[in-house]
Amino acid sequence: MRKYFPILAILIISSIMRFWNLGNIPLGLSLDEIELSLLLPTPFLIRLPFALMGILSIYLFYRLVRKVFNDDKIALISTLILGVIPWHVTESRIMSWGIILLLIGEILALFLFRFVNKKNNIYLGIILLLVCVIVPVSGLAIKVNDERLVVVNNSPKVLSRIFINKLTENFRLREETLFTNLDFGNYFFAGHPRERGGIEETQKLLLFTLPFIVLGLFKLGKDKSQFLFSWIIISLFVLTFFNLQGSQTLILIFPFVVLAAIGIVNAQRILVILVLIFGIFESLYFYNLYFSGLTESQFSPRRPVYIELSAKIKDIKREGEHVLVNDRIGNSKEFLSFYLKKNIEEFDFRIFDYHKESETGKLFVDVFPDDPISNEPLYTKDGAWPDNLTILSVLYDVGKRQKVVIYRTK
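This one's a predicted model, so the numbers in the text were calculated from it and none came from an experiment. (Residues numbered from 1 in each chain as written. Predicted model: local features only at pLDDT ≥ 70, side-chain atom pairs only at ≥ 80, totals over all residues. Heavy atoms only, no water.)

### Comments concerning the overall build of the protein chain
When helices and strands are tallied, the protein chain shows 18 helices and five strands. By its C-alpha atoms, the protein chain is 75 × 65 × 40 Å across when sized along the principal axes. Taking as baseline every contact in the protein chain between residues at least 6 positions apart, the subset at least 24 positions apart corresponds to 73%. For the protein chain, the exposed area adds up to about 22000 Å²; of that, 63% sits on carbon and sulfur atoms. (Helix = DSSP H or I, 4+ residues; strand = E, 2+ residues; numbered from the N terminus. Contact = heavy atoms within 4.5 Å. Areas by Shrake-Rupley, 256 points an atom, 1.4 Å probe, with all protein chains shown as cover.)

### Notes on the packing of aromatic side chains
Any pair of aromatic rings gets described here by the distance separating the centres and the angle formed by the planes. All told, the structure shown has 25 aromatic pairs when counted by the stated rule. Aromatic side chains Tyr306 and Phe335 sit 4.6 Å apart centroid to centroid with 0 degrees between the ring planes, which places their arrangement in the stacked category. Of the two residues, Tyr306 sits in helix H17 (residues 305-316) while Phe335 sits in helix H18 (residues 332-339), which places them 29 residues apart along the sequence. Like Tyr306, the residue Phe335 is buried in the burial classification. Taken together, the ring pairs connect Trp87, Phe184, Tyr187, Phe188, Phe189 and Phe256 into an aromatic cluster. The ring of Phe241 has Arg174 sitting right over it, with the charged end atom 5.5 Å from the ring centre. Above the ring of Trp87, the side-chain terminus of Lys204 is found at 6.0 Å from the ring centroid. (Phe/Tyr/Trp six-rings, centres within 6.5 Å; stacked < 30°, edge-to-face > 60°. Buried < 20%, exposed > 50% of the residue type's maximum accessible area, 1.4 Å probe, protein only. Lys NZ or Arg CZ within 6 Å of the ring centre and 35° of its normal.)

### A few points about the domain arrangement of the protein chain
Structurally, the protein chain comprises domain 1 (2-290) and domain 2 (305-409). Here the C-alpha centroids of domain 1 and domain 2 sit 39 Å apart. Listed by partner, the interface residues are twelve residues for domain 1 and eight residues for domain 2. Each partner contributes to the roughly 680 Å² buried at the junction of domain 1 and domain 2, and carbon and sulfur atoms together form 76% of this total. Inspection of the domain 1/domain 2 interface yields zero salt bridges. Elements supplying a minimum of two residues to the side of domain 1 that touches domain 2: helix H2 (31-35) and helix H3 (43-69). In terms of residue class, the side of domain 1 that touches domain 2 is made up of eight nonpolar, four polar and no charged. (Domains from an automatic or database assignment. Buried area = accessible area lost by both parts, 1.4 Å probe. Salt bridge = Lys/Arg side-chain N within 4 Å of Asp/Glu carboxyl O. Nonpolar A, V, L, I, M, F, W, Y, C, P; charged D, E, K, R; others polar.)

### Remarks on the sheet that holds strand E5 (residues 402-409)
Taking strand neighbours across the sheet as the criterion, the five strands line up as E2-E1-E3-E5-E4 in an open arrangement whose pairing is mixed. The outermost strands of the open sheet, each flanked by one partner alone, are strand E2 (347-350) and strand E4 (389-397). If you compare each strand with its neighbour and ignore which way they point, the axes differ by 20 degrees on average. Pairing of strand E1 (residues 322-326) with E2 involves four bridges; the strand directions are parallel. Bridge pairing in E2 links Val323 to Phe347. The strands touched by H17 are E2, strand E3 (362-369), E4 and E5; relative to E4, the strand with the most contacts, the crossing angle is about 160 degrees. (Pairing = 2+ DSSP bridges. Axes fitted to C-alpha atoms, helices over the stretch in contact; angles between N-to-C directions.)

### Some points on helix H15 (residues 253-266)
Between its first and last C-alpha atoms H15 spans 20 Å; for 14 residues at 1.5 Å apiece the expected length is 20 Å, and the two agree. Counting buried residues along H15, twelve of its 14 residues qualify, which places the element largely inside the surrounding structure. Turning to H15, its buried residues are Ile253, Phe254, Pro255, Phe256, Val257, Val258, Leu259, Ala260, Ala261, Ile262, Gly263 and Ile264. (Expected span 1.5 Å × (residues − 1).)

### Quick word on the packing of H3 against helix H14 (residues 222-241)
If you want to describe how two helices pack, look at the angle between their axes and the distance between the axes. One way to put it is that H3 packs onto H14 with a least axis distance of 9 Å and a crossing angle of 140 degrees. Of the possible angle classes, the one that applies to H3 and H14 is oblique. Contacts between H3 and H14 involve Leu64, Val68 and Phe69 from the former and Lys224, Phe227, Leu228 and Trp231 from the latter. In terms of residue class, the contact of H3 with H14 is built from six nonpolar, no polar and one charged. (Parallel < 35°, antiparallel > 145°, perpendicular 65-115°, else oblique.)

### Concerning the nonpolar core
Among the nonpolar cores identified, the biggest contains 67 residues, and Trp87, Ile253 and Phe254 are the most heavily contacted of them. Looking at this core, the element that brings in the most residues is H15, giving ten residues. Leave out the neighbours within four places in its chain, and Ile253 touches Leu82, Ile85, Trp87, His88, Leu102 and Leu205. By size, the runner-up hydrophobic cluster in this structure holds 25 residues, among which are Val325, Leu340, Phe347 and Leu395. (Core = buried A, V, L, I, M, F, W, Y, C linked by side-chain atoms within 4.5 Å.)

### Notes on the environment of Leu228
In this structure, Leu228 sits in helix H14. Judged by relative accessible area, which is 2%, Leu228 ranks as buried. Put simply, Leu228 and Leu259 are 31 residues apart on the chain and 9.1 Å apart in space, counted from C-alpha to C-alpha. Leave out the neighbours within four places in its chain, and Leu228 touches Phe69, Leu220, Phe254, Pro255, Val258 and Leu259.

### A closer look at the packing of helix H1 (residues 5-19) against helix H4 (residues 72-84)
Closest axis-to-axis distance for the H1/H4 pair is 9 Å, and the angle between their directions is 10 degrees. By the angle between their directions, the pair H1 and H4 is classed as roughly parallel. Side by side, H1 and H4 meet where Pro6, Ile7, Ile10, Ile13, Ser14, Met17 and Arg18 of the first sit next to Leu76, Thr79, Leu80, Leu82, Gly83 and Val84 of the second. Among the residues forming the contact of H1 with H4, the class breakdown is nine nonpolar, three polar and one charged.

### As for a nonpolar patch on the surface
A cluster of nonpolar side chains, Ile104, Ile107, Leu108, Phe111, Leu112, Phe115 and Leu124, forms an exposed patch at the surface whose accessible area comes to about 690 Å². Looking at the nonpolar patch, the element that brings in the most residues is helix H6 (residues 97-111), giving four residues. With respect to the helices and strands, the residue Ile104 is situated in helix H6. Ile104 gets classed as partly exposed once you look at its relative accessible area, which sits at 45%. (Patch = residues over 30% accessible without salt bridge, like charges linked within 9 Å, V, L, I, M, F, W, Y side chains within 5 Å.)

### Some thoughts on unusual backbone geometry
Residue Pro26 follows Ile25 across a cis peptide bond; omega there is 0 degrees. Within the element layout of this structure, Pro26 appears in the loop between H1 and H2. Not every positive phi belongs to a glycine, and Asn21 is a case in point at roughly 55 degrees. With respect to the element layout, Asn21 can be found in the loop between H1 and H2. One non-glycine residue, Arg401, adopts positive backbone phi at about 50 degrees. Judged by its relative accessible area of 39%, Arg401 falls in the partly exposed class.

Here it is in structure tokens:
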């Protein structure tokens, strides 16, 4: 039993971090998670399969590292880092294609270890990356036509056909995906200083691992490096070929945590102690924010506003009252159908201007953007709400930078 105690302890700690308050943190569901609600009716059940896959991926990671390095210390330390690192924890607590991709990669690597561990795989991966350039992304013709329309009045047709075509656009898209996934800032600084508008930037690795990763690179033996570099190159090929970014890049966590473990094993004891003390405080600081619901990106796909909105509608709506919901809120029918348990027979979802709604006895759910223009239905010069409305509730939708307003007409 002593032999298995360390890995069991790691799995128990990892499980607590993934299952605690799973249904509520992070707050709100994404549209992808809502679509799973046909099979799994609560937020906890929607996320439970991914938490379980996260735990399984940690155990398979331990088995794989032991097989590659034949060193139980490196396997245990890297598995502990994987178990507590924000990237893996946060992806295990949502619907995540990254967890699925990592799990598939580990299973394939375990069964095809002899093949993956061959030196020639690095060259094979590079060749596959180059092949990506000539394999077209789906829907490329539409993108090419859009680009040509931009320059139609400023450039001869023959030049636009030479410089804007499927080959050049395909190369540009593949290049963007590859170098975005190689961006150092994505892994240690949540995208800073090159945050991308419209993209969810999340904390992935903690800063205390960085010196150990650098040391691990210098201490990584040639006989072991081929597996790590094969993993990196093949992973980059998969991500580039399928044009994957964001959540799906979790598969790249493997070399980071292994190198950190190698660095810890080979570092001076005093350095390890000092850096790990900093690491403990850094981890506590992050998870205090995370479990308080304060780390969500502005561009998170999760919509916590619908939790409060559905509760407000339940309180405000009168018996038999018709509810008109402005579809500018974004996928309102899907979200309210989930949170109101499909009790939406008296709801109508469409874009509207309340001035043109002649039917009385309606409850309106409308939107008012942070930067309104004068033709916004709820706009007034003095910034107050229109006098002919009874404002019942105003909620703020952070991700969309808009207010969600519930009102009746007078």
